[in-house]
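Chain residues, written in single-letter form:
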Amino acid sequence: MFQPEYEAMDRGALERLQLERLNDMLTRVYGAVPMYRERFDAAGIAPRADSLEALADLPFTVKDDLRSAYPYGMFAVPLRDIVRVHSSSGTTGQVTVVGYTSGDIDRWSDLMARTLACAGATPDDVVQVTYGYGLFTGGLGVHYGAERLGCTTIPISGGNTKRQVQVLKDFGATVLACTPSYAVLIAETASEMGIDPRSLPLRAGVFGAEPWSENMRRQIEELFGITAIDIYGLSEVLGPGVASECSCQCGLHVNEDHFIIEIVDPATLRPVPDGERGEVVFTTLTKEGIPVLRYRTRDISRIVPGECACGRTFRRMERVSGRTDDMLIIRGVNVFPSQIEQVLAGIPGVAPHYQVVLTKRGSMDHVEVHVEVGPDVPFDEIKTLEALRTRVAAEIASALAVSIAVRLVEPKSIQRSEGKAQRVLDRRDEGSE
Ligand code: DLL
């Protein structure tokens, strides 16, 4: 552990620390952020919590609040105290901007050092940081953590996949940090270059920034011969470093000394009991630049009940199955792309590249999953292909309890991403098929 004095803290002491930090945070946002002051005043409530349970009665923050305050309206300190800005990827609309004080950068570095240590990294490791550097939080976030832990850090950023492979090999990287979909592309590219990905010195990967399934994890572990660790975070709350798996791979420990996690029912917005799925909500306790109170992430997860064998006392959240924005409702059944991925990644003959394509057929929405066949499947053998298509459709129908049209497509025809993969393609406004 990087900071056992916090990571393995007694729960009672941790909750006292959370409450103290929560009240400090409430005082700060009430004093400095007009939106919060107005919200508390309008509701006639004081910016105080007498217990952690009282948090459930305080106002939420949503992405639109940050958009309305674009760019700096929700900062809680003067701009001269902000030493860095980042912004969210803007996949669901206008980007949002977040600011960090030097204290925030310092704490973020510690949290990312924790994350890497949680994944089993030590100062002896060589970390290849393939997340994008720039406004995206992934690159610089992992970078500062790797340096804080004392690892040898390779700041290669994303892209130029052949070079990634060459550097992995020549610089002897032992830990790879990138999105899981990019990890698959790196493995494929290595094979095309005549380099067996299993022959690389890599021993672990810290993958995140997009939803991925357990079967995809096993595939990546198999492709490279490594331990693949899930890391989670979002720019509005910090960036990476909010929660991460340990080597038990049984849920992501939330850094509860810096964030309070709640899981709420997206319909009633009331907290659900531990173990039940719902929308993840975070309150930052120590962020100075842009603290957020009860930020609704739109990510779906649940608290994993019980204690973890690793000795960390921070509660765990289950891997995020998807975002409410990406959830499809197909004939009344809620479906996340990651559930489709889980099925596909378990079927031999199909590659781990897929897209869910939405179109219009007359006035009806039509959903079709496009799945790449593996390189070893003869794409011109109609019978073989039809048998594979039928199997994929049947396995999806049995796992998801709803049937979805499946189209097999040629190897390499689905667009690859060097960052977050686009799993849902909405073509409904391109006219009827
Ligand atoms: O993706 C921060 C990050 C960078 C996390 C590198 C992990 C590694 P944003 O661009 O603001 O920040 O996107 C945040 O990405 O709300 C989730 O929907 C999704 N996401 C992030 N990590 C995971 C994960 C970064 N491990 C949004 N599993 C979040 C599933 C994830 N979804």
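Read on for a plain summary of the structure. All values reported here derive from a predicted model rather than from experimental measurement.

Taken together, 20 residues are adjacent to the ligand, and Asp230, Ile231, Ser235, Asp299 and Arg323 come closest. A distance of 3.3 Å separates a nitrogen atom of the ligand from a polar atom in the backbone of Glu210. One of the side-chain N or O atoms of Ser235 is found 2.4 Å from an oxygen atom in the ligand. Considered on its own, the ligand offers 610 Å² of accessible surface; in the complex 96% of this is hidden by protein. The leading source of residues in the shell around the ligand is strand 7 (residues 227-234), at five residues. By residue class, the composition of the shell around the ligand is nine nonpolar, six polar and five charged.

Before going further, it helps to examine the environment of Glu276. Tracing the backbone shows Glu276 in the loop between strand 10 (259-264) and strand 11 (278-284). Counting along the chain gives 66 residues from Glu276 to Gln342, while the straight-line C-alpha distance between them is 21 Å. Apart from residues no more than four positions distant in its own chain, Glu276 is found in contact with Ile263, Ser301 and Arg302.

Turning our eyes to something else, we now look at the packing of helix 7 (residues 161-170) against helix 8 (residues 180-192). Closest axis-to-axis distance for the helix 7/helix 8 pair is 9 Å, and the angle between their directions is 80°. With respect to each other, helix 7 and helix 8 are oriented roughly perpendicular. Together, Thr161, Lys162, Gln164, Val165 and Leu168 of helix 7 and Tyr182, Leu185, Ile186, Thr189 and Ala190 of helix 8 make up the contact between the two elements. Its residues assigned to classes, the contact of helix 7 with helix 8 shows six nonpolar, three polar and one charged.

Reading the values: the criteria
Residues numbered from 1 in each chain as written. Predicted model: local features only at pLDDT ≥ 70, side-chain atom pairs only at ≥ 80, totals over all residues. Heavy atoms only, no water. Near = heavy atom within 4 Å. Polar contact = N/O pair within 3.5 Å; in protein donor to acceptor, adjacent residues only side chain to side chain. Areas by Shrake-Rupley, 256 points an atom, 1.4 Å probe, with all protein chains shown as cover. Helix = DSSP H or I, 4+ residues; strand = E, 2+ residues; numbered from the N terminus. Nonpolar A, V, L, I, M, F, W, Y, C, P; charged D, E, K, R; others polar. Contact = heavy atoms within 4.5 Å. Axes fitted to C-alpha atoms, helices over the stretch in contact; angles between N-to-C directions. Parallel < 35°, antiparallel > 145°, perpendicular 65-115°, else oblique.

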